[in-house]
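# Residue-level structural notes
Residue-level listing of the chains:
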Amino acid sequence: MKSSTYKNDDFNNRLVSSANAKSALLERFRARPGPDDPAVIARRAAQAEIEAARERRAAERKVAREAEAIRLAAEQAALLAEQEAKDVELQARKAEETARAAERAAEAKAARDARYAARRARRR
């Protein structure tokens, strides 16, 4: 009995099968359309159009991101300016309250001094 890894195939049959497979592969390669074929040219044009559209969308997204970043920066600057204005107003109010408190203290001291002076004048 013959011991082979292939069922009932001898060496010549395997060589023929291999040659047939190689020639089929070569035939498939030759059957491919060439670079000057209209279908190939149309497919390349479509791919170029798709790539151009993709680049255009990417550029639009980049512009939109930059515009959003500028808008956010302007918004943040406006909020910061508003906060600084509130801080300045708060400081002005505190200074005004401090001035009023000092004025009331000065008036109270003047009134107290006047009372003391009147009391001394009565004693003399």
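Please refer to the structure higher up on the page.
The text that follows walks through the structure, step by step, so that each part is easy to find. Since we're looking at a predicted model, the values are computed, not measured. (Residues numbered from 1 in each chain as written. Predicted model: local features only at pLDDT ≥ 70, side-chain atom pairs only at ≥ 80, totals over all residues. Heavy atoms only, no water.)

The final tally for this structure, using the stated rule, is 7 salt bridges. Residue arginine 54 pairs with glutamate 51 through a salt bridge whose shortest N-O separation is 2.9 Å. With a gap of 3 residues between them, arginine 54 and glutamate 51 both fall in helix α2 (residues 38–123), about one helical turn apart. For glutamate 51, a relative accessible area of 34% corresponds to the partly exposed category. For glutamate 75, the salt bridge goes to arginine 71, with nearest N and O atoms at 2.8 Å. With glutamate 75 and arginine 71 both in helix α2, this residue pair falls 4 residues apart, about one helical turn. Exposure remark for glutamate 75: the relative accessible area of 39% places this residue in the partly exposed category. Here the salt bridges share partners, and the residues they tie into one network are Glu68, Arg71 and Glu75. (Salt bridge = Lys/Arg side-chain N within 4 Å of Asp/Glu carboxyl O. Helix = DSSP H or I, 4+ residues; strand = E, 2+ residues; numbered from the N terminus. Buried < 20%, exposed > 50% of the residue type's maximum accessible area, 1.4 Å probe, protein only.)

The subject of this paragraph is the environment of glutamate 103. Assignment of secondary structure puts glutamate 103 in helix α2. Judged by relative accessible area, glutamate 103 falls into the partly exposed class, the value being 48%. Each C-alpha atom, one on glutamate 103 and one on arginine 14, is 116 Å from the other, the two residues being 89 residues apart in sequence.

Relative to the helices and strands, leucine 72 is located in helix α2. With a relative accessible area of 42%, leucine 72 lands in the partly exposed category. The spatial distance from the C-alpha of leucine 72 to the C-alpha of glutamate 96 is 36 Å, given a sequence separation of 24 residues.

So, to be careful, I would describe these as geometric facts and stop short of saying anything about function.
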